[in-house]
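Descriptive structure summary
One-letter residues, chain by chain:
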Amino acid sequence: MNILNLVEVLVGFVLLFCLSAIFTASKIYLINLCYQAIDITKYQNLREHKRLAQLLDNKKQIAQTLDLAQLCVTIGLGALLLPMLNVVSAVLNWQFFNAHFWTFFGFGLFFIIIIRYTLKISIAKIIGVAVNQKQLGRCIPFIIFTSKLFFPLILGMNYFSLRVFSLFKIRVGKNYSSLDAIFLARALTDSKISFSSEILNIIRNAIRLPDLDVSDVLLPRNQIQYLDLDDGVQKNLEKAKTAGHTRYPLCKGGLDHCSGIIHIKDIFQYKGDMESFDFTKFQRKLICFEETTPIEDALKKLQKFKIHMALVTDEFGGTVGLLTLEDMLEELVGNIQDEFDHEDAMIIPITKNTYKVSGLAPVRALESLFNIKVENSEVSTFGGLITATLGRIPEKNERIELFGWSIRITEVSKKRIISAVIRDETAESLES
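We now turn to the structure provided with this report. Keep in mind it's a predicted model, so treat the numbers as computed, not measured.

Here's the deal with the pattern of salt bridges
Pairing is possible between side chains of opposite charge, provided their charged atoms come close. This structure, assessed with the given rule, holds seven salt bridges. A salt bridge links Arg221 to Asp256, with the shortest nitrogen-to-oxygen separation between them at 2.8 Å. Of this pair, Arg221 sits in the loop between β1 (219-220) and β2 (227-228) while Asp256 sits in the loop between β3 (247-251) and β4 (258-263), placing them 35 residues apart in sequence. Accessibility expressed as a relative area gives 34% for Arg221, which makes it partly exposed. When the shortest N-O distance is used, the salt bridge between Glu398 and Arg392 registers 2.6 Å. Overlapping salt bridges, with partners in common, bring together Asp231, Lys235 and Lys239 in one network.

And the structure:
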């Protein structure tokens, strides 16, 4: 009977190893499919096949389920090790604390790890990088079945993890997929072109993009310049002339009552009497996003409706900021500034490791410069970060320690921090 049990356990091992191989192959197939889809012609050809289109549309979900399936297989292999030890101990009459028992346990665990790793590498080498559609097609039904089987568990785990992290005010990427990192790494490895530092920086930003939402790039409410129907035509024209922007939200009485977007070209092309100009007849479509909307979703919607500007609102419909296509593109390519932009630099180097920082400097600019992560998602500017940390507006010349910085407030008004000087003491201590 013990020998029969041992045979059953060994059969279980073989089946799990086979499943592991299939899951590994499926992940490689999926990566190859996405890699082929770079070429627009190949992408269109792939989408002609219903099942391939289904894989492309749900690639992140499927990648997550395959990763979870692999984890379950690994746990299963470990769970089968104990029954095997019990059977072997009974056959050889070993005691639980016998040295032979634990030696066998150690070798068994080592065997599982080595075989599991070797199998995964071998499968990758056997399959290679050239997988044709016919081979891929054979694997699709299993991939889709696995995805549907594990997807409810994936949803539950994602919801639970987000809730747990939210208790500690930790933001995590809701749309993260290991597929993105693997795919981009392969693209860089396979390429014969030597990428410049600027291109590599864009690639790094592209990898980070799925973790960002609208709140990371919005222009705060107190910096929005808008046209107000209650102000009259001339006052609005003077405001537009002074600000020098191309587009403005059109509101009535304040930012919480916006009805559309005014493009400055529509005003210039008007041939009638400017005193009779009716802003409401020339307003363009207004789109609103919530702060938690992923940047990818917002970008797709702006492109779909051919709109460059949108409002960001809270759960009560109040305006909290402004979103522009330019702000989102800057997350990829860096600061975009044309010959009409005359805004002062937000972060100015004074000496090594010392900077003059505007209170309006974006938090993301500080994160990039100092290689830090600000966990407070409620603030978007340096001044807001300091005010939120202290719970008040600091006094002029007040000194603050934060993130390894020594901060001295150099200019402040009744409502906000205007400027401060930051000395990066962490960098100085590392250099010394």
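Here's the deal with helix α14 (residues 363-370)
When α14 is considered as a whole, its buried residues turn out to be Val363, Leu366, Glu367 and Phe370. Down the axis of α14, the sector holding all buried residues measures 100 degrees, keeping them to one side. Where α14 is buried, its residues meet β8 (347-351), β9 (354-358), α15 (382-390), β11 (405-412) and β12 (417-424).

Notes on the sheet that holds strand β7 (residues 319-324)
One open sheet accounts for four strands, arranged β1-β7-β6-β5; its pairing is mixed. At either margin of the open sheet sits one strand with a lone partner, and together these are β1 and β5 (288-290). Note that β5 and strand β6 (residues 309-313) share three bridges and pair parallel. Residue pairing across strands places Cys288 opposite Leu311, the latter belonging to β6. The sheet strands contacting helix α12 (residues 295-305) are β5, β6 and β7, and the helix crosses β5 at an angle near 170 degrees.

Conventions we followed
- For every chain, the first residue of the written sequence is number 1, and numbering continues from 1 along that sequence.
- This being a predicted model, a pLDDT of at least 70 is required before a residue's local features are given, and a value of 80 or more before pairs of side-chain atoms are given or counted; all residues contribute to the totals for chains, interfaces and linings.
- As a rule here, side-chain values come from all non-hydrogen atoms in the structure, and water together with hydrogens is ignored.
- The term salt bridge refers to a side-chain nitrogen of Lys or Arg lying within 4 Å of a carboxyl oxygen of Asp or Glu.
- Note on conventions: DSSP H or I runs of at least 4 residues are helices, E runs of at least 2 residues are strands, and numbering of each starts at the N terminus.
- Burial here depends on accessible area, computed with a 1.4 Å probe over protein chains only, as a share of the maximum for the residue type. Under 20% is buried, over 50% is exposed, and the range in between is partly exposed.
- Arc, as used here, means the arc of the directions from the helix axis to the C-beta atoms.
- Residues count as neighbours in contact if any of their non-hydrogen atoms are within 4.5 Å of one another.
- Think of it this way: DSSP has to see at least two bridges between two strands before they count as a pair.
- Working convention: axes come from line fits to C-alpha atoms, limited for helices to the stretch in contact. Angles between N-to-C directions cover 0 to 180 degrees.

Coordinates in, geometry out; function isn't part of it.
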